Amino acid sequence: MSGDRFGHYELGELIGRGGMGEVYRAYDTRRGRVVALKRLSADVAHDPAYHARFRRESGMVARLREPHVIPIHDFGEIDGRLFLDMRLVEGTDLGTVIRRNGPLDPARAVDILGQVARALDAAHRDDLVHRDVKPSNVLIDHEGGDPFVYLI
């Protein structure tokens with residue numbers, strides 16, 4: 001993987017972009033692994049209240065052990081930019097699946113919804129509120145046969 005550097009990460013392809021920042025396929029040179037690295041917009045790092053909430057909630061999410069919550073390996077600030085280092089899931093987001101294939105089969109929709117609900121239940125038990133549940137934040141991993149859903 002060759003590209004720009006961000007601290008100890010080598011940035012690869014841009015794999016997502018949203019209102020809060022960008023997500024890259026990145027190589028963590030310290031741990032020798034490929035991750036999904038979300039760099040938040042530079043302007044949010046200057047908001048002390050947002051900065052404090054980001055650190056508090058990132059730490060809480062990183063401690064969650066619910067398999068349907070995307071695992072967070074690390075978080076913090078590099079060069080004035082907040083970041084999240086997460087497991088890279090080679091899947092497709094639910095919004096893309098719906099755009100490509102149309103409405104889901106009812107049984108598949110119930111299965112996906114159940115997995116998302118388990119992730120939300122785990123977060124709520126720890127007093128976390130997601131704030132942005134939408135199809136593009138639901139990743140479907142098809143490795144190993146049955147679809148496995150992660151909530152980002």
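Remember, predicted model here, so these are calculated numbers, not experimental data.

A closer look at the confidence of the model for the protein chain
Across the protein chain, pLDDT averages 91, with 97% of residues at or above 70. Taken element by element, the predicted model of the protein chain shows its lowest mean pLDDT in helix H1 (residues 48-63) (90) and its highest in strand S1 (residues 5-6) (97).

Some details on the pattern of salt bridges
Counting across every chain of the model gives nine salt bridges. Residue Arg 53 is joined to Glu 57 by a salt bridge in which the shortest nitrogen-to-oxygen separation is 4.0 Å. Residue Arg 53 and its partner Glu 57 are both found in helix H1; the two are separated by four residues, about one turn of the helix. Arg 53 gets classed as partly exposed once you look at its relative accessible area, which sits at 29%.

Some details on the sheet that holds strand S5 (residues 72-78)
Pairing within the open sheet is antiparallel, and its six strands lie in the order S1-S2-S3-S4-S6-S5. Pairing within the sheet leaves two strands with one partner each, and these edge strands are S1 and S5. In the sheet, strand S4 (residues 33-40) pairs with strand S6 (residues 81-86) via four bridges, with the strands oriented antiparallel. The partner of Arg 39 across the bridge, within S6, is Phe 83.

Structural notes on the sheet that holds strand S9 (residues 148-151)
As summarised here, the arrangement of the three strands in space is S7-S8-S9, forming an open sheet in which the pairing is antiparallel. Edge positions in the sheet fall to strand S7 (92-93) and S9, since each has one partner strand and no second. Two strands pair when backbone bridges link them, and strand S8 (residues 138-141) and S9 are joined in this way by four bridges, in the antiparallel orientation. Its bridge partner lying in S9, Ile 140 is registered against Val 149. Helix-sheet contacts for helix H3 (residues 106-125) involve S8 and S9, and the interaxial angle to S9 is about 40 degrees.

Conventions and cut-offs
Residues numbered from 1 in each chain as written. Predicted model: local features only at pLDDT ≥ 70, side-chain atom pairs only at ≥ 80, totals over all residues. Heavy atoms only, no water. pLDDT = per-residue confidence, 0-100. Helix = DSSP H or I, 4+ residues; strand = E, 2+ residues; numbered from the N terminus. Salt bridge = Lys/Arg side-chain N within 4 Å of Asp/Glu carboxyl O. Buried < 20%, exposed > 50% of the residue type's maximum accessible area, 1.4 Å probe, protein only. Pairing = 2+ DSSP bridges. Contact = heavy atoms within 4.5 Å. Axes fitted to C-alpha atoms, helices over the stretch in contact; angles between N-to-C directions.

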